[in-house]
Structure formats: C-alpha cells, structure tokens
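A closer look at the structure
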Amino acid sequence: MSLTVLMYLIGAFLLILNVMYLKSCKNPVLKGIYGVLSGVVAAIPTGFVLSALGYAYTINYLTLAIGALLGIPGVILSAVYVLCF
C-alpha cells in the first residue's frame, strides 16, 4: 500500500470520527464552525513554518479545504504528507 493511499484512508477515518463527534455534541453547529475555523486558522501558520524550514507547503484551496473539513488533525495530516514527500 502506498503512502498516498494510507493518507487518504487516515483522512477518511478522521472525517468519520469528526462527524460522529459532532452528532453527539449538545450544540453541533457551533462546534462545527469552531472546527472549521480552527482548521483554516491553523493551516496558515503551518504553511509559513514549513515554508521557512524549506518544505513546499502551499496554502491553496485544497489545503484549506482539508483544514476546514478535518480541523487541526487534517492540518497535521497534510503537514505530515508534505514532510514525507
């Protein structure tokens, strides 16, 4: 199994966990908005830090969408993907 397939499987697993967590919360809309905003906000400094270290982490629609859908674990997942390739 290649690393790309493994990262996609981990991302899908994180998305399912995120949805299950949001369904069990008292106020899922606010938790969802908080998760989306925290993922997008965490993606920007992560991109700057990895770019300063010499890794090509571009801040584009794909990385922001991963951060928005998966939150901070999605940003960590995309940063690990950049570090591995």
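Everything that follows concerns the structure shown earlier in this document.
Every value quoted in this text rests on a predicted model; they were computed, and no experiment measured them. (Residues numbered from 1 in each chain as written. Predicted model: local features only at pLDDT ≥ 70, side-chain atom pairs only at ≥ 80, totals over all residues. Heavy atoms only, no water.)

If a probe as big as a water molecule is rolled over the atoms, it shows which places are left empty. By volume, the largest pocket is sized at about 480 Å³. Every residue lining the largest pocket is counted, 19 residues in all, and those nearest its centre are Y8, L62, I66, S78 and Y81. Elements that contribute at least two residues to the lining of the largest pocket include exactly α1 (3-24), α3 (61-70) and α4 (72-84). Of the residues contributing to the lining of the largest pocket, the split by class is 13 nonpolar, 6 polar and no charged. The volume enclosed by the second largest pocket comes to roughly 320 Å³. N18, K31, G35, L70 and G71 are the residues nearest the centre of the second largest pocket, which is lined by 19 residues in total. Every element with two or more residues in the lining of the second largest pocket is listed here: α1, α2 (28-52), α3 and α4. Of all the elements, α1 adds the most residues to the lining of the second largest pocket, at 7 residues. Here the residues of the lining of the second largest pocket sort into 13 nonpolar, 5 polar and 1 charged. (1 Å grid on protein atoms, 1.4 Å probe; cavity = no way out; pocket = protein on both sides within 12 Å on 5 of 7 lines; lining within 4 Å. Points joined across faces, edges and corners; volume = space filled by probe spheres on them. Helix = DSSP H or I, 4+ residues; strand = E, 2+ residues; numbered from the N terminus. Nonpolar A, V, L, I, M, F, W, Y, C, P; charged D, E, K, R; others polar.)

On to α3, then. Listing the buried residues of α3 in full gives T63, G67 and L70. Taken down its axis, α3 places every buried residue within 95 degrees of arc, on the same side. In this structure, α3 carries Y61, L62 and L69 as exposed residues pointing more than 90 degrees from its buried face. Among the structural elements, α1, α2 and α4 are those in contact with the buried residues of α3. (Buried < 20%, exposed > 50% of the residue type's maximum accessible area, 1.4 Å probe, protein only. Arc of directions from axis to C-beta. Contact = heavy atoms within 4.5 Å.)

Moving on: a nonpolar patch on the surface. On the surface, M1, V5, L6, L9 and I10 cluster together to form a nonpolar patch covering roughly 480 Å² of accessible area. In this fold, L9 is placed in helix α1. (Patch = residues over 30% accessible without salt bridge, like charges linked within 9 Å, V, L, I, M, F, W, Y side chains within 5 Å. Areas by Shrake-Rupley, 256 points an atom, 1.4 Å probe, with all protein chains shown as cover. Salt bridge = Lys/Arg side-chain N within 4 Å of Asp/Glu carboxyl O.)

Taken N-terminus to C-terminus, the directions of α3 and α4 make an angle of 140 degrees; their axes are 6 Å apart at the nearest point. When the axis of α3 is compared with that of α4, the two are oblique. In this structure, α3 uses I66, G67 and L70 to contact α4, whose residues at the interface are I72, P73, G74, V75 and L77. For the contact of α3 with α4, the residue count by class is 6 nonpolar, 2 polar and no charged. (Axes fitted to C-alpha atoms, helices over the stretch in contact; angles between N-to-C directions. Parallel < 35°, antiparallel > 145°, perpendicular 65-115°, else oblique.)

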